[in-house]
Amino acid sequence: MSSDKKRVQFRAPNRLIDRTDALADVLGEDRTNILVTALREYLQEATHDDALTQEIAAAYYDDEISFDQLKALVGAEEAANLRVLKQQLDEDFIDEVADA
């Protein structure tokens, strides 16, 4: 994992933060570590959801996200596969238009 860090601020329900703080106390960690771990695990699980992966791919195909963003979400190997598929789809579209 990169040592580069970015400061973020967000608002969350008091109850959620209270639970986070309680867990941090139990584990002897700070709130940030708990939140970073939770976010990392959520993103890991979310990107293994087939429906979400399809949405991510569609966003990439529609140029709503960059290749670097795609790679950050689904990993280098899956991103490379989706890039090849996008190129094939673009080539097929060009061929269809040329044949019309």
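Residues numbered from 1 in each chain as written. Predicted model: local features only at pLDDT ≥ 70, side-chain atom pairs only at ≥ 80, totals over all residues. Heavy atoms only, no water.

Per an unreviewed UniProt entry, the chain is named Ribbon-helix-helix protein, copG family, and its organism is Haloarcula salinisoli.

### As for the overall build of the chain
Across its full length, the chain holds 5 helices and 0 strands. The proportion of buried residues among the 100 residues of the chain is 18%. For the chain, contacts bridging at least 24 residues in sequence account for 20% of all contacts bridging at least 6. Here the chain has roughly 8600 Å² of accessible surface; of this, 50% comes from carbon and sulfur atoms. (Helix = DSSP H or I, 4+ residues; strand = E, 2+ residues; numbered from the N terminus. Buried < 20%, exposed > 50% of the residue type's maximum accessible area, 1.4 Å probe, protein only. Contact = heavy atoms within 4.5 Å. Areas by Shrake-Rupley, 256 points an atom, 1.4 Å probe, with all protein chains shown as cover.)

### Regarding the nonpolar core
Here is a general trend for soluble globular proteins: nonpolar side chains tend to be buried in one another's company. Within the largest apolar cluster, 10 residues are counted, these being Ile56, Ala57, Ala59, Tyr60, Ile65, Phe67, Leu70, Val74, Ala79 and Leu82. Ranked by the residues each element gives to this core, the list is headed by helix α3 (residues 50-61), at 4 residues. Not counting chain neighbours up to four residues away, the residues in contact with Ile65 comprise Ile56, Ala59, Tyr60, Leu70 and Leu73. (Core = buried A, V, L, I, M, F, W, Y, C linked by side-chain atoms within 4.5 Å.)

### Section: a nonpolar patch on the surface
Taken together, Leu23, Val26 and Leu27 make up a surface patch of nonpolar side chains, about 290 Å² in accessible area. Looking at the secondary structure, you find Leu27 in helix α1 (residues 14-27). Residue class for Leu27 comes out partly exposed when judged on its relative accessible area of 47%. (Patch = residues over 30% accessible without salt bridge, like charges linked within 9 Å, V, L, I, M, F, W, Y side chains within 5 Å. Salt bridge = Lys/Arg side-chain N within 4 Å of Asp/Glu carboxyl O.)

### Some details on the packing of α1 against helix α2 (residues 31-46)
Any two packed helices are characterised by the angle at which their axes cross and by the distance between the axes. At a closest axis distance of 8 Å, the pairing of α1 and α2 adopts a crossing angle of 110°. In terms of axis orientation, α1 runs roughly perpendicular to α2. Residue-level contacts link Ile17, Thr20, Asp21, Leu23, Ala24 and Leu27 of α1 to Arg31, Ile34 and Leu35 of α2. Looking at the contact of α1 with α2 residue by residue, the class counts come to 6 nonpolar, 1 polar and 2 charged. (Axes fitted to C-alpha atoms, helices over the stretch in contact; angles between N-to-C directions. Parallel < 35°, antiparallel > 145°, perpendicular 65-115°, else oblique. Nonpolar A, V, L, I, M, F, W, Y, C, P; charged D, E, K, R; others polar.)

### Structural notes on the packing of aromatic side chains
On inspection of all chains with the given rule, the structure shows 2 aromatic pairs. With centroids separated by 6.2 Å and ring planes inclined at 50°, the aromatic side chains of Tyr60 and Tyr61 adopt a geometry described as tilted. On the basis of relative accessibility, which here comes to 24%, the residue Tyr61 falls in the partly exposed class. Clustering of aromatic rings is evident, with ring pairs tying together Tyr60, Tyr61 and Phe67. In this structure, Arg83 is placed above the aromatic ring of Phe67, and the distance from its NZ or CZ to the ring centre is 3.7 Å. Positioned over the ring face of Tyr60 is Lys86, at 4.5 Å from the centre of the ring. (Phe/Tyr/Trp six-rings, centres within 6.5 Å; stacked < 30°, edge-to-face > 60°. Lys NZ or Arg CZ within 6 Å of the ring centre and 35° of its normal.)

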